[in-house]
Amino acid sequence: MAKLFVICGHGAGDPGCCAGGYTEAERVRALGRRIRALGGSEVELGDMSRNWYADGGINRLDTDAPVVELHMDASGIATAHGAHVIIKSGFEPDDYDKALADKLSAFMPGRAEKIVRHSELANVNRAAARGINYRLCENGFIDNDGDREKFNSNIDELARIYLESFGIKVTTSAPVQQTPLKQPAKQATVIESFGGRYRCTVFRLNVRSAPSLSGSVVASYGRGQTVVLDDWYKSADGYIWGRYTGGSGKVRYIAVGRATGKPEADDYLVKE
Ligand SMILES: [Zn+2]
């Protein structure tokens, strides 16, 4: 049985807060994925293609597990920083809330209050009305350079804070991912897989025999041409490499864009 149900805030077209080239929706989904990967079957990850605030998902959520909803703050003031836990006004924090608040505020200090009570947040109120054990966590400020960098560079450490707070053992089999990988195109919103048809946006894009700049050039694509990539991808030499099988039956590799942790406007291949 799951010991933790994770909801990733925003999504389904709502990016949440945006700063430094990142969106809150994409970052909290990256965190949710690591919590699930490191926690295994004791973690249930709510459908990340949804916006649980907009679609009222908590009104229909059927779980006995405690629930945490992941967010990042933004203030417009670059100096505001730090993580905190939000619970319903009038409620007392339980042991999960206290553990999370202590660990999150030690990881990302800066907030005067580790636990804050709110009465106007829809999902906080929906959960309270249904007796769901729920808290909303702000994982620092996305528009604070220090918080954002801490989040991006230590996402597994952050994931472990959630697992430890809910008494879940970290599985050792999950590959460690300390730096943010470029996520599949539009993954932050609805499309979950990397594979699909991509359109070339540059004058000439090399096709290589291996997924790195040392692979020999065997063909090229021109602007406007399309290629269907499969679900595999890899980060190497500063680029994200996609893969397809050519007419010859040989596997070919092509740089999709710079490895920045997310899709960029200047990617060489853009998903159609
Ligand atoms: Zn948010």
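Residues numbered from 1 in each chain as written. Predicted model: local features only at pLDDT ≥ 70, side-chain atom pairs only at ≥ 80, totals over all residues.

Asks: Honestly, the overall build of the protein chain in this entry has me stumped. Any pointers?
Replies: Of the regular secondary structure elements, the protein chain holds 5 helices and 16 strands. Relative to a compact globule of 272 residues, whose C-alpha radius of gyration would be 19 Å, the protein chain shows 20 Å and is just as compact. In terms of principal-axis extent, the alpha carbons of the protein chain reach across some 65 × 40 × 35 Å. For the protein chain, the residues scored as buried account for 40% of the 272 residues in total. Across the protein chain, contacts joining residues at least 24 apart in sequence account for 68% of those joining residues at least 6 apart. (Helix = DSSP H or I, 4+ residues; strand = E, 2+ residues; numbered from the N terminus. Rg over C-alpha atoms; globule rule 2.2 N^0.38 Å. Buried ≥ 20, exposed ≤ 12 C-beta atoms within 10 Å, placed from the backbone. Contact = placed C-beta atoms within 7 Å.)

Asks: What exactly am I supposed to notice about the confidence of the model for the protein chain here?
Replies: Any region with low pLDDT has predicted coordinates that should not be read closely. In this model, the protein chain carries a mean pLDDT of 89, and residues with pLDDT of at least 70 account for 92%. Scored below 50 in pLDDT, residues 182-191 shows 31 contacts in the model against residues more than four places distant or in partner chains. (pLDDT = per-residue confidence, 0-100.)

Asks: It is not clear to me how the domain arrangement of the protein chain should be interpreted in this structure. Could you clarify?
Replies: The extent of an interface is frequently quoted as the accessible surface area lost upon association of the parts. We note that the domain assignment places domain 1 (4-165) and domain 2 (196-271) within the protein chain. Computed from C-alpha coordinates alone, the two centres of domain 1 and domain 2 are separated by 34 Å. (Domains from an automatic or database assignment.)

Asks: What am I meant to see in the pairing of strand 10 (residues 204-208) here?
Replies: One face of the sheet, then the other: side chains in a regular strand alternate in exactly this way. Bridge count for strand 10 against strand 11 (residues 217-222) is 5 bridges, and the pairing is antiparallel. Within strand 11, the residue paired with Asn-206 across the bridge is Ser-220. One ladder, built from 2 bridges, connects strand 10 with strand 15 (residues 251-258); its direction is antiparallel. Looking at the pairing, Val-207 lines up with Ile-254 of strand 15. (Pairing = 2+ DSSP bridges.)

Asks: What should I look at first to understand the sheet that holds strand 13 (residues 233-236) in this one?
Replies: Adjacent strands of a sheet pair through backbone hydrogen bonds, lying either parallel or antiparallel. Taken together, the 5 strands give an open sheet; going across it, the order is 11-10-15-14-13, and neighbouring strands pair in antiparallel fashion. Each having just a single partner strand, strand 11 and strand 13 make up the two edges of the open sheet. When strand polarity is set aside, the average angle formed by the axes of neighbouring strands in this sheet is 35 degrees. (Axes fitted to C-alpha atoms, helices over the stretch in contact; angles between N-to-C directions.)

Asks: Would you mind showing me how to read helix 4 (residues 145-153) here?
Replies: Along an α-helix, residues three or four positions apart point the same way, because every turn accommodates 3.6 residues. Looking at helix 4, one finds that the buried residues are Asp-147, Arg-148 and Phe-151. Axial view of helix 4: buried residues confined to an arc of 95 degrees, hence all on one face. Elements that come into contact with the buried residues of helix 4 comprise strand 2 (18-19), strand 3 (22-23), helix 1 (24-39), strand 8 (134-141) and helix 5 (155-165). (Arc of directions from axis to C-beta.)

Asks: In this structure, what is going on with the packing of helix 2 (residues 95-107) against helix 5? I would like to understand it.
Replies: Angle between the axes and distance between the axes: these two values describe a pair of packed helices. Closest axis-to-axis distance for the helix 2/helix 5 pair is 9 Å, and the angle between their directions is 160 degrees. The orientation of helix 2 relative to helix 5 falls into the category roughly antiparallel. Pair helix 2 / helix 5 crosses with right-handed handedness. Contacts between helix 2 and helix 5 involve Tyr-96, Ala-99, Leu-100, Lys-103, Leu-104 and Phe-107 from the first element and Leu-158, Ile-161, Glu-164 and Ser-165 from the second. (Parallel < 35°, antiparallel > 145°, perpendicular 65-115°, else oblique. Left-handed = near helix turned anticlockwise from the far one by under 90°.)

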